[in-house]
Structures are given as C-alpha cells and as structure tokens.
Amino acid sequence: MSSIKQKILTWARIKSPWVIHFNTGACNACDIEIIAALTPRYDLERFGVVLKGTPKHADIILCSGPITRQIEDRLKNIYEQMPAPKFVVAVGTCACSGGVFQGCYSVKSGIDKAIPVAAYIPGCPASPKALIDGVVKLLSSLDDSGDNKAQKELNPVILGEHRE
Amino acid sequence: MPQNGPEEVQVPVGPQHPALKEPESFLLSLRGEKITAVNIKLGYNHRGIEKAAENRTYVQDQYLIERICGICSHSHSMCFVQAVEEIAGIEIPARAKYIRTLIAELERVHSHLLWLGVAGHEVGFDTLLMYTWRDREAVMDLFAKLTGNRVNYGMNTMGGVRRDVTPEDLAEIKKVVDVLEERTKYYIEVATEESTLINRLSNVGKLSYEDCINLGAVGPTARASGVDRDTRRDDPYAAYGELEFNVITDKHADVYGRTLVRVQELMESYKMLRQIVDKMPDGPVVVKVPKKVPAGEALSRYEAPRGEDVHFVKGNGTDKPERVRVRAPTLANLQAVSKMLEDNYLADMPIVIAAIDPCFSCTDRMIKLCDTVKLEDRVLTWDEVRVNGIEWYRKNKGLNLAELNASLAGKMGKAWKQ
Amino acid sequence: MNSQDIKSKLEAKFGVFKDKITTPRANRVFADLALGEDFEPILKYIVTDLGFDNLLLITGLDERETFGVIYHIVNKDNIVLNLKTHVTRENPVVKSIIDTFRNSELYERELIDLFGMKVDGLPEGRRYPLPDDWPAGQYPLRKDWSHLPGEEPEQSNNEVPVKKDEEGK
C-alpha cells in the first residue's frame, strides 16, 4: 500500500476511530464506565469515536474483564474478524493482569494472554477520564506509523493510575 | 435442545456482556418471527469466585466479593459482611447501619436510572439513555465524594464502615435527592402517559404470578407480576427496620410493569434517603473485629436493585472461610427468561432480557442465525437485532419511539439547565 | 410461626432432629440431618405443613469424609430453614427436588459440575457452570482440588513475578 494512502487511512483512524466493546468476563464496572464515557458528561464522541456493533468495521476493541476459559475463543474470533490495522485496549485492572481474579481457576489472567494489547488502562474500574486519556494517547502514538509493521513494534501505552 | 419443525429456525444468541455473573448464550427456536422455545447456556462469566474465596482471608474476600458485579457491588459486599458478622456475633454501631443503608439506597437509585437508560436504548428511545445517565452522574459524584470511588465503593468492613459522613455530605445528599426526584417525575410521566412507549412495552415478556413463584423470580421482575416480596421489609437488615417505605408491586406482569415498578421504587428510595439523613445517629462507625472468625454458619439475604441476593458463609475458626456460597438475583431470574420469551417476537428479545435488568451494557453481542431450511449461516450482531426490532415495530405496529426523543427533550429542557 | 415454633414442630415430628436444630437468630433455623436418614418425608412435611414454598439456594459442601448438601428454603412467615443433608464420598448421590421446586435445576447442576456429585432425577440438560471442554474428573470445589493438571496456579498479587530470562535461564 502506498505511503500516501497509508497516511490518509491513519488520519481517518485518528480522526474518527470506530470502536467495539467486548466484555470477556468482567464484573461490569468497567463496562458501565465505558458507556458513561459516551454520555454527555464525558462525551467520547466529540473525539470522533464511534461505537460500532460489529468487529468487521472496527479499528479499536475495548476489552474489559479478565479472560475466562469459556470466552477465550470468542475473543480471539472477534479479534480475527477485525481488519488490520487494529488495536486492542485493555480497560481496567482485570483486563491488564487479571486483577482481583488472578489465580481463580476459571480465569486466564489478562487480555494479553490471548491477543496483543496496544494500550493498558488500569483502574478498578477505569474511570471515563482515564479511558478518554488512554484512547487519545493511543491515537496520538499512531501519528506517523500508519504502516502495518509498526503495530508489532508498537510499544504499548501504559496509563498511570488515574485518580479523580 | 429444542427440536426443529420444518419451518423452524434456530438462533443462537450471545454471549452477552456483562450482565449477570454469567453472560449467557441463548438458543432460540423461531417459527417465522415468533419464538417457540428457548434454551439457555450459562457460564461464560464463571470466574471461580467461590473457590478463590476459600483461599483468601475474610478481608481479602471483602474486596473480591464486591467485584462479583460492578453495578451492585455494595449489595454483594453487604450480604457477605452481614453473614460474617452474624457468625462472629458482632453487633455493629447504629451509625454504621445507617451509612450502609445510605450507600445501599444510593446504589439502588443509580442502578434503576442505569436500567431506564438501557431499556430506552433497547427500544430506540435513546434520549432516555442520555438523560438518565446524565442524572446518574449526580449519584456517581456523591459516591466519589463519600467513598472515594465512582464504582466499587469499598465502604464496608467487618464491624462497620470504613468512612464516616460529614454534615456537609448529608446536606449535599438531600440536595441531590431533591433534584433527582423532580427529574424522575418526568420519567414517570413519560412511562405513564406516552402511549407509544406503553404500547411498545405492554404484553411483552409476560410472566404470570404462578410462574414467578415456581421459577423463583425475584426483585422488580417478580413484583411486576404481583409477587409481594421485598427482603428489606420481609427480613430487615441494616437500618431498614427503622425506615418507612412502600413495597411497589404491579399487576401488568410484563415489561411495562417492570418499568413502572422501577420508576416508583426510585421515588421510594428518595423518601428513604431523606429519612436516613434526618435520622442519622451519632457515634462510632466501626467496632474492632478479630481476624479469626469462629466456626459457624450464616445465611444472609439482601434486596439488591435487581432482586434478592443470597450469601451462605461457613466459618471454621481460622481467618479464611470454609465456604462462601453466592446466589445473585439475576441467576434466580434467568430461570424465568425462557418462559418470558415464549411466544414473543424476535424483535422483543432485547427488551425482554433487558427487563430482568441483567447488568447489561449495550455492546457487542453476536447472534448467529442458523437457517436450517436453507442451510445458510448468517451472522448478525445484537445491535442489528436491536435495530431490526425497532424497525419491525415501526413497520408492523406503527410504533416509532424516536418521536418520543423530541418530546422528552422538550420536557427535560425546562428542568435541566446544566 | 417463629423459628422456635418451626424447631419444636420438626423435633416433634421427626426424632432424628433431636439436638440437631439451632435457631441462632430470628428468622433462621439450621437443621442437620444425619447421614443415611430419609430426606423425602421431611421435605414433604415442610412444604405441605410448614409453608416452606420458596427455594432460595442449594449449597454443596466438601466435609472431607462426606459431602454436605444444604437446602435453603423460606416459608410464608419469612423463616429461612437451612436443612443440611449428607452423603458419602464414595457414593455422593442425592435425589433431585425439581418436582417440588422447579428452580432447583441450576443449583443441582452446580453440585454435579463443581463437586462431582450425582443427582438422580434431574432431566437432561446443558451442564452448568463449567465450560463444555472442562476435563472430566476435575471438581473445583472439592477441598483436595487446587488447579487443573498442567496448570500451575498464577502468582498472587502479593508476590513480584521473576522473569526467567532475568535469572539467566
């Protein structure tokens, strides 16, 4: 793909990333904070972020929750359906590392055990402000690297603990 | 597994998001557009919490159990800590009981407002989602102020609560309650006067009184069918024995009834919150508790926003429990969902499931349509089924809820200037 | 009726309950039915005569030599009866109460999946709560079970994990 086309695609992605949300076994706290991020008080949509229902059109997948044994294949399946380049955001401490469910027999720990993660947003739950900060940082880190190869070398964004 | 007739199609749905402890997968049998049978597969969210609880101390378990569900985390925390305090023979101070009840009712308010928004979204009434979730933020701000966190408050500890409330906090609570009560009156108006909404939600997801009893349904889902059960009144705990409130029941026995019960429960919660603030007793907020809990058993019942939560705890004299057993309200209600969906349209599925209030969030749910007659595999997302449902009702029943968006915006615009 | 009344009636009707019932607080009755005693007539009695019509939950217990099964049932006066029964470890079979309480199904399936017990009379149905590919013979809630074979437990939050390459291995 020509580098100009790549730059346009990158620009489009940065200006208006399409996002899907998938819960991989979470307690819902992060899920409701993700939705809260879309409501008027925080209004993620003003950044052009659009929540989509299908992975086939998504640039970013927001994952909440640790991976349970039952959901793992589903998660990988959805990730595979997303067209490249695609970015995974681990929302909440459970998605980052398993959180409080580390060691539970039905839980496989963080999202990165199944799919590559581009940004980690800790918090229990991750607050809407942290979420917006994380997504914006991820998008900014994409600025010059529209190339597919760059995804592998992409240093994951790790957000500091965000307290309101 | 449901059998397929020649014109029957099987539709697997799920895994859902959050909701429940277990986002489940439904296998629907459809004849045309009508659901003839439902088979539910649970367990996608099974995390092994009960096992983990046995290997952690009671204090660590407090943190774990709060995270069974993020929407009613205080409910689980309360149910658990009450059981442990019972085994240990601890009597907590009066002020602690009131503070616990304060957080409990605030949780009910945020949860019911959340539900209203989600229900609105499922039927195409998105303005309701925006307004109710904006109202909810007032409660989230209160939580952040009182407990240090918007969600997963960590307010409870063995022997009481971890933080006290100031007179300023209490005054603030009353102010917020006043504002929310005014706004909730608009939601009640919408629920009881807008015929489009009433028609959309009526006769959908019907569950008779008998079925509620036999299938063990709880909470607003059961109360909407006339089941007069509410643990706060039937088996009082914390400060509920000293508060005056009504248990709201309804006879519609459908999604509309479940809506009415929840909006009216909001009004009851506001009443209770005022009483709590006015009657807040002085004194300490916590008593010291030994790390080791004696051998013994306790069964704790708690009325969470979704219905009755039940915890059974067995102590063995160490600092770790012998057994922790949890039954969340949604698990009880799930067993009634198949019955509720029978003979409904596929278009009704999103709202019927939402009406049991399964800690849902409106995001990616995958539906696979297996057309056994044509041998095709079509993959639909939940969002497409939701949108399809909204379209179906617009075309076939002339119900267009998008019109309500403007009407609600008009009403709310008067009250809301922030 | 209060919990003391329930206790008296049960003791009067069934000799096996002598000294086996406690009422630690209002609205709670804890009854222990010894191993081998007949559960069915008791269930019938509490449902028909004492108004116990609401099954809250069924709890399985690993008691080392035996398994315990506790039925938590509520009556019309909001008394909770916690009726504990026992079965041997070698033959952990209980009879399903689904004919009396339709909502017992999921709780009984948990006894099967998590404890490896058997429940007679439970209709065919999907397992719960473990995934379909869970290996046979692995019962997580048994006291002698800690992890699946080949899956070492993850390090706890309190320990700092040491990376293998840092150790030079």
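The structure presented is a predicted model; accordingly, all values stated were derived computationally and were not measured. (Residues numbered from 1 in each chain as written. Chains lettered and ligands numbered in written order. Predicted model: local features only at pLDDT ≥ 70, side-chain atom pairs only at ≥ 80, totals over all residues.)

1. Some words on the overall build of chain C
On a plain count of helices and strands, chain C comes out with three helices and seven strands. When its helices and strands are written in sequence order, chain C yields α-β-β-α-β-β-β-β-α-β. Of all 169 residues assigned to chain C, the portion counted as buried reaches 37%. In chain C, the share of contacts with a sequence separation of at least 24, taken over all contacts with a separation of at least 6, comes to 45%. (Helix = DSSP H or I, 4+ residues; strand = E, 2+ residues; numbered from the N terminus. Buried ≥ 20, exposed ≤ 12 C-beta atoms within 10 Å, placed from the backbone. Contact = placed C-beta atoms within 7 Å.)

2. Topic: the overall build of chain A
Within chain A, the secondary structure is distributed over six helices and six strands. Across the 164 residues that make up chain A, the buried fraction comes to 57%. Taking the contacts inside chain A whose residues are at least 6 apart along the sequence as the reference set, 81% of them involve residues at least 24 apart.

3. Overview of the packing of helix H5 (residues 126-147) of chain B against helix H6 (residues 167-193) of chain B
Residues and elements named next belong to chain B. Following both chains from N to C, one finds H5 and H6 inclined at 170°, their axes separated by 10 Å at the closest point. One element, H5, and the other, H6, form an angle in the roughly antiparallel class. Two packed elements cross with a definite hand, and for H5 against H6 that hand is left-handed. Contacts between H5 and H6 involve Asp135, Ala138, Leu142, Lys145 and Leu146 from the former and Asp169, Glu172, Ile173, Val176, Val179, Leu180 and Arg183 from the latter. For the contact of H5 with H6, the class distribution of residues is seven nonpolar, no polar and five charged. (Axes fitted to C-alpha atoms, helices over the stretch in contact; angles between N-to-C directions. Parallel < 35°, antiparallel > 145°, perpendicular 65-115°, else oblique. Left-handed = near helix turned anticlockwise from the far one by under 90°. Nonpolar A, V, L, I, M, F, W, Y, C, P; charged D, E, K, R; others polar.)

4. Observations regarding the packing of helix H4 (residues 94-122) of chain B against helix H11 (residues 255-279) of chain B
To characterise two packed helices, one gives the angle between the axes of the helices and the distance between these axes. Residues and elements named next belong to chain B. Packing of H4 against H11 leaves a shortest axis separation of 9 Å and a crossing angle of 155°. One element, H4, and the other, H11, form an angle in the roughly antiparallel class. Regarding H4 and H11, the two cross each other, and that crossing is left-handed. Of H11, the residues touching H4 (which contributes Tyr98, Thr101, Leu102, Glu105, Arg108, Val109, His112, Trp115, Leu116 and Ala119) are Thr259, Arg262, Glu265, Leu266, Ser269, Met272, Leu273, Ile276 and Lys279.

5. Brief notes about the sheet that holds strand E3 (residues 52-62) of chain C
Residues and elements named next belong to chain C. An order of E1-E2-E5-E4-E3 is seen for the five strands of this open sheet, with the pairing classed as mixed. The sheet terminates laterally at strand E1 (21-22) and E3, the two strands that pair on one side only. Bridge count between strand E2 (residues 28-32) and strand E5 (residues 80-88): five bridges; the pairing is parallel. Among the inter-strand pairings, Phe30 is bridged to a residue of E5, identified as Asn82. Helix-sheet contacts for helix H3 (residues 105-115) involve E3 and strand E4 (66-75), and the interaxial angle to E3 is about 5°. (Pairing = 2+ DSSP bridges.)

6. Some words on helix H3 (residues 73-88) of chain B
All names here are of chain B. Over its 16 residues, H3 extends 23 Å from the first C-alpha to the last, a length consistent with the 22 Å expected when each residue adds 1.5 Å. Judged by how many residues are buried, H3 sits mostly within the fold: 15 of 16 residues are covered. Of the residues one or two after H3, Gly89 is the one with positive phi, at around 70°. (Expected span 1.5 Å × (residues − 1).)

7. Points about the nonpolar core
With 210 residues, the main nonpolar core has Ile61(A), Cys63(A), Val88(A), Val89(A), Ala90(A), Val91(A) and Leu81(C) as its most contacted residues. Ranked by residues supplied to this core, first place goes to H4(B) with 14 residues. (Core = buried A, V, L, I, M, F, W, Y, C linked by C-beta atoms within 7 Å.)

8. Some points on the sheet that holds strand E8 (residues 323-327) of chain B
Residues and elements named next belong to chain B. Taken together, the three strands give an open sheet; going across it, the order is E6-E7-E8, and neighbouring strands pair in antiparallel fashion. With one partner strand each, in any of the chains shown, strand E6 (296-304) and E8 form the two edges of the open sheet. Neighbour-to-neighbour, the strand axes of this sheet turn through a mean angle of 10°, independent of strand direction.

9. Some details on helix H2 (residues 58-66) of chain B
Buried residues of H2(B): Tyr58(B), Asp61(B), Gln62(B), Leu64(B), Ile65(B) and Glu66(B), and no others. Residues of H2(B) that are buried make contact with helix H1 (49-54), H3, strand E4 (156-157) and E8 of chain B.

10. Digging into the pairing of E2(C)
Residue and element names in this part refer to chain C. For E2, the buried fraction is high: four of the five residues fall into the buried class. Across two bridges, E1 lies against E2 in antiparallel orientation. Looking across to E2, one finds that Thr22 is bridged to Phe30.

11. Section: the confidence of the model for chain C
A residue-level look at chain C finds 89% of positions with pLDDT of 70 or above and a mean pLDDT of 89. Considering only residues more than four positions removed or in separate chains, one finds that residues 158-169 of chain C, a stretch of pLDDT under 50, has three contacts. (pLDDT = per-residue confidence, 0-100.)

12. Some words on unusual backbone geometry
The phi angle of most residues is negative, glycine excepted, and most peptide bonds adopt the trans form. In this structure, Pro125(A) follows Cys124(A) across a cis peptide bond, with omega equal to 0°. Tracing the chain through its elements places Pro125(A) in the loop between strand E5 (119-121) and helix H5 (128-141). With an omega of 0°, the peptide bond between Tyr128(C) and Pro129(C) qualifies as cis. Looking at the element boundaries, Pro129(C) is found in the segment after strand E7 (118-120). Of note in this structure, Ser109(A) is not a glycine but carries a positive phi near 80°.

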